[in-house]
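# Structural characterization, general
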Amino acid sequence: MTWTPLSTRVSALPNVLAGPILRKVTRDAVTVWFALKRKATVTLTVYDATNTRYFSGKRDTVAIGDNLHIVAVTATRDAQAAEFPLTDNAVYLYDATFAYPASNTTALPMLAAATEASIAQATRNARLTYATFGRPSFCMPAANINSLRILHGSCRKAAGDGPDMLAVVDTLIAQTATVPLQRPQQLLLTGDQIYADDVAPTLLVMLTDAATVLLGRDELLPTPLPLLASMLPPFSRRQVLSVAGFTSEDLDSHLMSLGEYLCMYLFVWSDVLWPIVDTDIPNAGTVLIISDAFLPKPGQFTSTDHGEKDRLLHIIDSTVADSKSLLTLRASISAVRCALANISTYMIFDDHEVTDDWNMTFDIAVKMYGNPLCQRVIQNALVAYALCQHWGNAPEQFDGPPPSAPGPSLLFFLNGRSAAEYIANSAVIGAVVGVPTIAGIVADGAVSHGVGSLTYNYTIEGAAHQVIVTDTRTSRTFPQRGGEAPELLPTTQFAAQIVNTPALRQNAIDRQLIVVISTNAPPVASIRSATEHDWITNHVRHYPDIHEAWDLPSRGFDRLVKALSDKVSFDPGGQSSKVVLLSGDVHIGFASRLHYRAVKRFEDSTSQHANVVIAQLVASSFKKQNDDTIDMQRQGYTFSPHWYAAPLIGDHETEYYAGWNVQPSGQDMGSWLGRALTLDTASSVHLKPHKRTPGGGKVDTPPSFLRVPPDFSYQLDYLHITNGGVAPIGLNSLPPLPASGATQPERDEFAHVHQLASSNYRQYNRDSGPIRHLIGVNNFGDLSFSFPASGTWTVHHKLQFRDTTGQLLSVDYAVNMETADSDHPTAPFNGQVTP
């Protein structure tokens, strides 16, 4: 069979094109996101498990196009009407009704009689429920930290290699759907929910087609010779985008129009727009026919023209491979759709929601924002992000009449607008979504956006925890104004995004702080070495993202840790303050433990003590494994992609750093085992261990000395896993849940016993084979806590993944959050500060 365009199928599609996706949930409000084919007033109602109504709310959809209407509708509790707030240890349900205006039915006569429909009717009974619940369900995050369960992950490339691990969330919810203290309670998608720059050619054909059908128009792009998006098929886009200033290595099928960006979300979150059978999806042959004018011609090859011939063969091979990988995503989407409907989901962008290298350096930013095509594509990406991701993160930003706030203004300038109006209003729309001006970048040496734009960082407030979701993409500075690494947050943003958020202590409870950052702080040693020796790293192969992490040592890292210590404060009694960092980005999963001690932190004007243990938990990718990440899993933390770089990485062992509260200017701080300690670009230095002889012994080195006692110090340990790959724990291994009327002590005891049972299960299934250091196949994180009345405060990071046979496995990292860790003791004479 051959591919049929969406225009021949759209009239037969259900009204709900994507969703429901459960978004922000609090005790008093629940938000659900939908993408619809028809204009509607959507009423959302929340129920308990007995179908007793709790509260409701309604909202009109926003007409993005003729056949695309988007809404994030919020049901809000009315306290004056004696409506009850939501609590933990309970399952809740929701439903929605869609009221269609009569004037909209003339275009679709077959729906003229359907003036109102439920979720089941509007989705044509798509699978969206679990257990015996007749509606989508969810549970609040646990009020006791021992019962809190959070899932997190990043990087879901539609045509990426390997299985789509986001679909496994569906399995985990199904296993525990009726048990709220065991069920996953929140899902954090920490970046790269889509890959705008690395799109399978077969998928781009469907996206471009769907964009014109759903929006009812094509988009005229400001290319040198203005072209409609539909006139730029796969393999025609590289030249115009690279000339304009895009630096991604994957430009052949880059998204460009607003419709393409929007449809990308619809295709990866829902199966509605996909052809019903796989054989109806465009194949490689279809793509090559459509893109024929932009491909090398075999008949034109000369005997020495190997480059063009090799390029054509590569295009054919990669298109075929991408088409096969795309089918694995297609097979998982119904499970992903069900999962997203049944767990409160929060999102933040990284670079691929826009383009690879987005705002990475000053040089890249100046070139991009100085070009009309780049500006338009970035604006399209951010508009799509705001509508499909951010509206559900912070629905309050989209409330009120325009121009009362940026969100309502954005919706006003999109609702029912023509293609010409969208282009005419680009300056206003760009400012609202945070597209910076070239003049501002040059003047400030930074990218930023003003008070009239959306704020993309936000917090998630729980009874036992607080999640701070940072935005390190749209606010960053370029101190050297060149091609060097940026400072991922301006100095003022540390206070705005981290310190000056709601207090951790609420209702006499010191809540656990969890901070989402889009990339690692710090990354593994191989990535840090690649950054430090970037010329050597890129000598044979280009690694575009080596400047994207919170490097250690660096001033940015010192400021980040200082801000975290401000947020959690200092305990003079010797107890550590405890922080969990969640990140992804690097397509591997691992965990590290950082112990920060200070008597005068970086840039403090007076002495400020700190004693903070930071668990960095990295989960990535949902779907983007490759040969390098798999090799990292085999080789561990000391992996090197090339033999010549291996000596630069060093052994896997505890790392120690000493720092001083001074601005670096080349100061000589002493020597360490024969190496001079100089503060050049950072205010801390790595106290590197002895060099080792080939036989394993240590070489003789001169004694060490520090000219000035350090003001702060870091001890960094990359953690081994606690098992080597076991099947996740099942319900039959767990103790029974207390009755619904159980007291809080009874619930606390259950949570403690549950944690012991889980730990014993993990220990019992210890792998007898080699212990993995990290996971390089597709994975996501399953986060829980063990906080006994007496004993060690531990964060458990379980990485879920599949082996080559498809079996679901998991490994665990247990992070000791106390000051003293017997598994990672502090070695004497390593410059560590005692606060």
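Residues numbered from 1 in each chain as written. Predicted model: local features only at pLDDT ≥ 70, side-chain atom pairs only at ≥ 80, totals over all residues. Heavy atoms only, no water.

## Comments concerning the overall build of the protein chain
The helix and strand tally for the protein chain stands at 19 helices and 33 strands. Evaluated residue by residue, the protein chain yields a buried proportion of 59% over its 835 residues. (Helix = DSSP H or I, 4+ residues; strand = E, 2+ residues; numbered from the N terminus. Buried < 20%, exposed > 50% of the residue type's maximum accessible area, 1.4 Å probe, protein only.)

## Considering the sheet that holds strand 22 (residues 577-583)
Within the open sheet, the 9 strands sit side by side as 16-17-21-22-24-23-30-25-28. Their pairing is mixed. Because the sheet does not close on itself, it has two edges, and the strands there are strand 16 (458-461) and strand 28 (684-686). Here the average twist between neighbouring strands, direction ignored, is 20 degrees. (Pairing = 2+ DSSP bridges. Axes fitted to C-alpha atoms, helices over the stretch in contact; angles between N-to-C directions.)

## So, the environment of phenylalanine 138
Take phenylalanine 138: it is sitting in strand 9 (residues 137-139). Each C-alpha atom of the pair phenylalanine 138 and alanine 90 lies 8.6 Å from the other, and the pair is 48 residues apart in sequence. The residues contacting phenylalanine 138, other than those within four sequence positions of it, are Leu22, Val25, Val30, Val46, Leu86, Ala90, Val91, Tyr92, Leu93, Tyr94, Arg183 and Asn342. (Contact = heavy atoms within 4.5 Å.)

## What to know about the sheet that holds strand 11 (residues 186-189)
As a general point, the strands of a sheet are linked pairwise by backbone hydrogen bonds and lie either parallel or antiparallel. Judged by pairing direction, the sheet is mixed, and its 6 strands sit side by side in the order 14-11-10-31-32-33 without closing on themselves. Each edge of the open sheet carries a strand with a single partner, namely strand 14 (344-347) and strand 33 (808-816). Across this sheet, the average inter-strand angle for adjacent strands is 20 degrees, counted without regard to direction. Judged from the 8 bridges that link them, strand 31 (residues 779-786) and strand 32 (residues 794-802) form a sheet pairing that is antiparallel. Bridge assignment links leucine 783 to a residue of strand 32, and that residue is histidine 797. Contacts from helix 2 (residues 168-175) reach strand 10 (150-153), strand 31, strand 32 and strand 33, with the element oriented near 35 degrees to strand 31.

## Overview of empty space enclosed by the protein
Across all of its chains, the model carries 5 cavities of 30 Å³ or more by this definition. Its boundaries defined by the atoms lining it, the largest cavity holds a volume of some 120 Å³. As for the largest cavity, its lining consists of 15 residues, and the residues nearest its centre are Leu215, Arg217, Asp218, Glu219 and Gly259. For the lining of the largest cavity, the elements supplying multiple residues, two or more each, are helix 3 (201-215), helix 5 (258-269) and helix 11 (419-424). It is helix 3 that provides the largest number of residues to the lining of the largest cavity, a total of 4 residues. A breakdown of the residues in the lining of the largest cavity according to their chemical character gives 7 nonpolar, 4 polar and 4 charged. Estimated volume of the second largest cavity: approximately 50 Å³. Taken together, Arg156, Leu166, Leu189, Asp192, Gln193, Trp269 and Phe622 make up the full set of residues lining the second largest cavity. In terms of residue class, the lining of the second largest cavity is built from 4 nonpolar, 1 polar and 2 charged. (1 Å grid on protein atoms, 1.4 Å probe; cavity = no way out; pocket = protein on both sides within 12 Å on 5 of 7 lines; lining within 4 Å. Points joined across faces, edges and corners; volume = space filled by probe spheres on them. Nonpolar A, V, L, I, M, F, W, Y, C, P; charged D, E, K, R; others polar.)

## Digging into the pattern of salt bridges
Counted under the stated rule, the structure contains 28 salt bridges. Two residues, aspartate 350 and arginine 473, come together in a salt bridge whose shortest N-O distance is 3.1 Å. With a gap of 123 residues between them, aspartate 350 in the loop between strand 14 and helix 8 (362-369) and arginine 473 in the loop between strand 17 (465-469) and strand 18 (476-477) connect regions that are remote in the sequence. Overall, the relative accessible area of 2% leaves aspartate 350 in the buried class. Taking relative accessible area as the criterion, arginine 473 reaches 3% and is therefore assigned buried. Here the salt bridges do not stand alone but share partners, grouping Glu487, Arg555, Arg559 and Glu603 into one network. (Salt bridge = Lys/Arg side-chain N within 4 Å of Asp/Glu carboxyl O.)

## Some details on the pairing of strand 30 (residues 712-718)
Among the 7 residues in strand 30, 7 count as buried, and that is most of the element. Judged from the 5 bridges that link them, strand 25 (residues 655-659) and strand 30 form a sheet pairing that is antiparallel. Bridge pairing links glutamate 655 to leucine 716 in strand 30.

## Focus on unusual backbone geometry
With an omega of -5 degrees, the peptide bond between alanine 521 and proline 522 qualifies as cis. Positionally, proline 522 belongs in the loop between strand 21 (512-516) and helix 15 (525-532). At the junction of serine 620 and serine 621, the peptide bond is cis and its omega measures out at 5 degrees in the coordinates. By secondary structure assignment, the location of serine 621 is in the loop between strand 24 (610-618) and helix 18 (627-635). In this model, alanine 508 sits at a positive phi of 65 degrees, which is unusual for a non-glycine residue. With relative accessibility at 60%, the residue alanine 508 sits in the exposed group. Backbone geometry at leucine 673 places phi at a positive 50 degrees, although glycine is not the residue there. With respect to the helices and strands, leucine 673 occurs in the loop between strand 26 (667-672) and strand 27 (675-679).

## Examining the packing of helix 3 against helix 5
Between helix 3 and helix 5, whose axes approach to 8 Å, the crossing angle comes to 110 degrees. Looking at the two axes, helix 3 sits roughly perpendicular to helix 5. Judged by residue contacts, Leu203, Leu204, Met206, Leu207, Thr208, Ala210, Ala211, Leu214 and Leu215 of helix 3 engage Gly259, Glu260, Leu262, Cys263, Met264, Leu266 and Phe267 from helix 5. Partitioning the contact of helix 3 with helix 5 into residue classes produces 13 nonpolar, 2 polar and 1 charged. (Parallel < 35°, antiparallel > 145°, perpendicular 65-115°, else oblique.)

## Examining the confidence of the model for the protein chain
Taken as a whole, the protein chain shows an average pLDDT of 88; of its residues, 86% reach a score of 70 or greater. Note on residues 104-113: pLDDT under 50 across the span, and 8 contacts to partners over four residues away in sequence or across chains. Considering only residues more than four positions removed or in separate chains, one finds that residues 759-771, a stretch of pLDDT under 50, has 18 contacts. (pLDDT = per-residue confidence, 0-100.)

## Re the packing of aromatic side chains
In this description, a pair of aromatic rings is defined by centroid distance and the angle of the planes. In the structure shown here, the tally under the stated rule is 27 aromatic pairs. Consider the rings of tyrosine 265 and tryptophan 269, whose centres lie 5.2 Å apart with planes at 45 degrees: the pair is tilted. Highlighted residues: tyrosine 265 and tryptophan 269, both in helix 5, separated by 4 residues, approximately one helical turn. Accessibility assignment for this pair places tyrosine 265 and tryptophan 269 in one class, buried. With centroids separated by 6.1 Å and ring planes inclined at 65 degrees, the aromatic side chains of phenylalanine 362 and phenylalanine 478 adopt a geometry described as edge-to-face. One end of the pair, phenylalanine 362, is in helix 8; the other, phenylalanine 478, is in the loop between strand 18 and helix 14 (491-499), with 116 residues separating them in the sequence. This pair shows no difference in class: phenylalanine 362 is buried, exactly as phenylalanine 478 is. (Phe/Tyr/Trp six-rings, centres within 6.5 Å; stacked < 30°, edge-to-face > 60°.)

## Structural notes on the packing of helix 9 (residues 372-393) against helix 10 (residues 406-414)
The geometry of helix 9 relative to helix 10 is characterised by a closest axis approach of 12 Å and an angle of 125 degrees between their N-to-C directions. Comparing the axis directions of helix 9 and helix 10 gives the class oblique. In this structure, the crossing between helix 9 and helix 10 has a hand that is left-handed. Between helix 9 and helix 10, the contacting residues are Val383, Ala386, Leu387 and Trp391 on the first element and Leu410, Leu411 and Leu414 on the second. (Left-handed = near helix turned anticlockwise from the far one by under 90°.)

## A few points about the environment of valine 586
As for its position among the elements, valine 586 is in the loop between strand 22 and strand 23 (590-598). Owing to a relative accessible area of 17%, valine 586 belongs among the buried residues under this scheme. C-alpha separation for the pair valine 586 and serine 518, spaced 68 residues apart in sequence, amounts to 9.8 Å.

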